[in-house]
Structure formats: structure tokens, C-alpha cells
Amino acid sequence: MFGFADFARQARKWRANRDRRQLQSMLSGLPVELRKDIGWPAPDARSATTRVVHRDPDDLHARPIV
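Once a new chain begins, its residue numbering starts again from 1 and follows that chain's sequence as written. Given that this is a predicted model, residues contribute local features only at a pLDDT of at least 70 and side-chain atom pairs are listed and counted only at 80 or more, while totals for whole chains, interfaces and linings are drawn from all residues. Water and hydrogen atoms were dropped before computing side-chain values, which therefore reflect all heavy atoms in the structure.

A run of H or I in DSSP counts as a helix once it spans at least four residues, and a run of E counts as a strand once it spans at least two, with each numbered from the N terminus. Helices and strands together make up the secondary structure of the chain, namely 3 helices and 0 strands. When the elements of the chain are put in sequence order from the N terminus, they spell out α-α-α. By the burial criterion, 5% of the 66 residues in the chain qualify as buried. As displayed, the chain offers around 6,100 Å² of accessible surface, 61% of which is attributable to carbon and sulfur atoms. Exposed residues in this analysis have more than 50% of their type's maximum accessible area, buried residues have under 20%, and partly exposed residues fall in between, with area computed by a 1.4 Å probe over protein chains only. The accessible surface values rely on the Shrake-Rupley method and a 1.4 Å probe; as for residues, cover is taken only from the protein chains in view.

In C-alpha cells:
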């Protein structure tokens, strides 16, 4: 039988997944330099091919700090 504990567990999983997707979306929207500073990984090849707008070709790759 489907009990309250099962419902609560599913609700917690749903909320955790929603929060994770929201955080990933927010971090992916940050500038490349800032993402590099906080250690957020660069986008993989699949997401790079789905992007339509590129602001500046230099922003696609992290530049070394001298």
C-alpha cells in the first residue's frame, strides 16, 4: 500500500532534483571566468553544439592567468 512515508520520500527526491537543476542552470549562466574561479566544469561537447548565440569567441575557452 502507498503510505505517507513513500509519498514524503518521493516529494523529497522531486524537490532535491528541482533544486539541483535550478542551481546548475544558475551556475551555467555565469561568465566563463567566474565559473573557472569557483571550479564549475566547462560545458561538454553536447551542450556546446546546442548553443545558438556566442557572445565572443574568446569566451568559449578559459584564458591562462599570467
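Once the structure has been displayed, the description carries forward.
pLDDT is a residue-level measure of predictor confidence that goes from 0 to 100. A residue-level look at the chain finds 61% of positions with pLDDT of 70 or above and a mean pLDDT of 76. No element of the chain has a lower mean pLDDT than helix α3 (residues 45-50), at 50, and none a higher one than helix α1 (residues 4-28), at 92.

A pair is scored as a salt bridge if a Lys or Arg side-chain nitrogen falls within 4 Å of a carboxyl oxygen belonging to Asp or Glu. As enumerated under the stated definition, the model contains 3 salt bridges in all. Two residues, aspartate 19 and arginine 18, come together in a salt bridge whose shortest N-O distance is 3.6 Å. A residue is classified by how much of its surface remains accessible, and aspartate 19, at 34% relative accessible area, is partly exposed. Salt bridges sharing common partners tie together Arg15, Arg18 and Asp19.

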